[in-house]
Amino acid sequence: MSDDHVIDPSGHPVAAPSGDTAETGTPLSDLVEQPAKVMRIGGMIRQLLDEVKSAPLDDASRSRLREIYEQSITELKDGLAPELVAELERLSLPFDAVSPTEAELRIAQAQLVGWLEGLFHGIQAALYAQQVQAQTQFANMRLALPPGAQAPDSSAADPAGGRGDPGTGGMYL
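On a predicted model such as this, the values are computed, not experimentally measured, just so you know.

Student: How should I be thinking about the packing of helix α3 (residues 59-78) against helix α5 (residues 102-143) in this particular structure?
Tutor: Helices that pack against each other are described as a pair by the angle of their axes relative to one another and the distance between those axes. Where α3 meets α5, the axes come as close as 10 Å, and the angle between the chain directions of the two elements is 25°. The angle between α3 and α5 falls in the class roughly parallel. Where α3 crosses over α5, the handedness of that crossing is left-handed. For the pair α3 and α5, contact is made by Arg-62, Leu-65, Arg-66, Tyr-69, Ile-73 and Leu-76 and by Glu-102, Leu-105, Ala-108, Gln-109, Leu-112 and Leu-116, respectively. Of the residues belonging to the contact of α3 with α5, the class tally is eight nonpolar, one polar and three charged.

Student: Explanation requested: the pattern of salt bridges in the structure shown.
Tutor: Two side chains bearing opposite charge may form a pair once their charged atoms approach each other closely. All told, the structure shown has eight salt bridges when counted by the stated rule. Of the charged contacts in the structure, one is a salt bridge between Glu-70 and Arg-66, with a shortest N-O distance of 3.2 Å. Of this pair, Glu-70 and Arg-66 both sit in helix α3, four residues apart, which is roughly one turn of that helix. What makes Arg-66 buried here is its relative accessible area of 19%. Two residues, Lys-77 and Glu-89, come together in a salt bridge whose shortest N-O distance is 3.1 Å.

Student: Just to check I follow, could you spell out α5 for this structure?
Tutor: Every α-helical turn comprises 3.6 residues, leaving residues that sit three or four positions apart pointing alike. Spanning 42 residues, α5 covers 61 Å between terminal C-alpha atoms, matching the ideal 62 Å at 1.5 Å per step. The set of residues buried in α5 consists of Leu-105, Ala-108, Gln-109, Leu-112, Val-113, Trp-115, Leu-116, Leu-119, Ala-126, Gln-131, Gln-133 and Asn-140.

Student: Mind showing me how you'd approach helix α2 (residues 35-54) here?
Tutor: Under the 1.5 Å per step criterion, the end-to-end length of α2 is 30 Å for 20 residues, consistent within 8% with the ideal 28 Å. Listed as buried for α2 are Lys-37, Val-38, Ile-41, Gly-42, Ile-45, Leu-48, Leu-49 and Val-52. The buried residues of α2 all sit within an arc of 130° when viewed along its axis, so they share a single face. Residues of α2 that are exposed and angled more than 90 degrees away from the buried face: Arg-40 and Ser-54.

Student: I keep staring at the packing of α2 against α3 and nothing clicks. Help me out?
Tutor: The geometry of α2 relative to α3 is characterised by a closest axis approach of 9 Å and an angle of 160° between their N-to-C directions. Overall, the two elements α2 and α3 adopt an arrangement that is roughly antiparallel. As for how α2 packs across α3, the hand of that crossing is left-handed. Only Leu-65, Ile-68, Ser-72, Glu-75, Leu-76 and Asp-78 of α3 make contact with α2, whose side of the interface consists of Lys-37, Val-38, Ile-41, Met-44, Ile-45, Leu-48 and Val-52. A breakdown of the residues in the contact of α2 with α3 according to their chemical character gives nine nonpolar, one polar and three charged.

Student: Any chance you could explain the side chain of Arg-62 here in plain terms?
Tutor: Tracing the backbone through its elements, the reader meets Arg-62 in helix α3. Within the structure, Arg-62 has its side chain in polar contact with the backbone oxygen of Leu-57 (distance 3.1 Å). A distance of 3.4 Å separates a polar atom in the side chain of Arg-62 from a polar atom in the side chain of Ser-99. For Arg-62, the residues in contact, after removing those within four places along its chain, are Leu-57, Ser-99, Pro-100, Thr-101, Glu-102 and Leu-105.

What counts and what doesn't
Numbers given for residues are sequential positions, taken from 1 along each chain in its written order. Under the rules for a predicted model, residues below a pLDDT of 70 receive no local features and side-chain atom pairs below 80 are neither given nor counted, while totals for whole chains, interfaces and linings still include all residues. Calculated side-chain values reflect all of the structure's heavy atoms, with hydrogen atoms and water omitted. Here an axis means a line fitted to C-alpha atoms, over the contact stretch when the element is a helix, while the angle between two N-to-C directions is reported on a 0 to 180 degree scale. Numbering goes from the N terminus for both helices and strands, where a helix is a DSSP run of H or I of at least four residues and a strand is a run of E of at least two. For classification purposes, an angle smaller than 35 degrees is called roughly parallel, one larger than 145 roughly antiparallel, one from 65 to 115 roughly perpendicular, and anything else oblique. Each helix crossing is assigned a hand: it is left-handed if the near helix lies turned anticlockwise from the far helix by less than a right angle, otherwise right-handed if that turn is clockwise. Any two residues whose heavy atoms approach within 4.5 Å at even a single point are treated as in contact. Any residue that is not Ala, Val, Leu, Ile, Met, Phe, Trp, Tyr, Cys, Pro, Asp, Glu, Lys or Arg is counted as polar, Gly included; the first ten are nonpolar and the last four charged. Counted as salt bridges are all cases of a side-chain nitrogen of Lys or Arg within 4 Å of a carboxyl oxygen of Asp or Glu. Buried means the residue's accessible area, taken with a 1.4 Å probe over protein chains only, is under 20% of the maximum for its type, while exposed means over 50%, and partly exposed covers the values in between. A helix is expected to reach a length of 1.5 Å times the quantity of its residues less one. Taking the helix axis as origin, the arc is that swept by the directions to the C-beta atoms. Under this definition, polar contacts are N or O atom pairs within 3.5 Å; protein pairs additionally need one hydrogen-donor-capable and one acceptor-capable atom, and for neighbouring residues in sequence, both atoms have to be side-chain atoms.

So, in structure tokens, the structure goes:
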């Protein structure tokens, strides 16, 4: 039986919901090709945004921030799937001036931070959906066992017994 099937309560294989794909149909693992890089850049941009909120910016610092912003976009594109690159390009419009205003810079950075946070939340939601799907599949497999047969003892591998208790080693999101 292939990975795209689960066992229904009557013991018959049925097509599994596609919880591991994004709206575009691309597998989750392919959307963010370099997750650590995307997380580092996202953290840097967030910190940069926090710093520039409280600092007055002269012409040179605004030009430098524009360069950092544009380089960050370029670096992010290297770590993302084409669908996300296209979305990022639609949202991150280029600046008109060599030295954009403070407001333009802050808005662009805030928009980028918001987009990255949305991306991270989407990934978390997809991972949660995968976990729920796997738990459902396991529960269906247990129901499909013939009477008298025992399911593998999952409590030996998971001391939390699947309860999700982070203090005892269970799965926790």
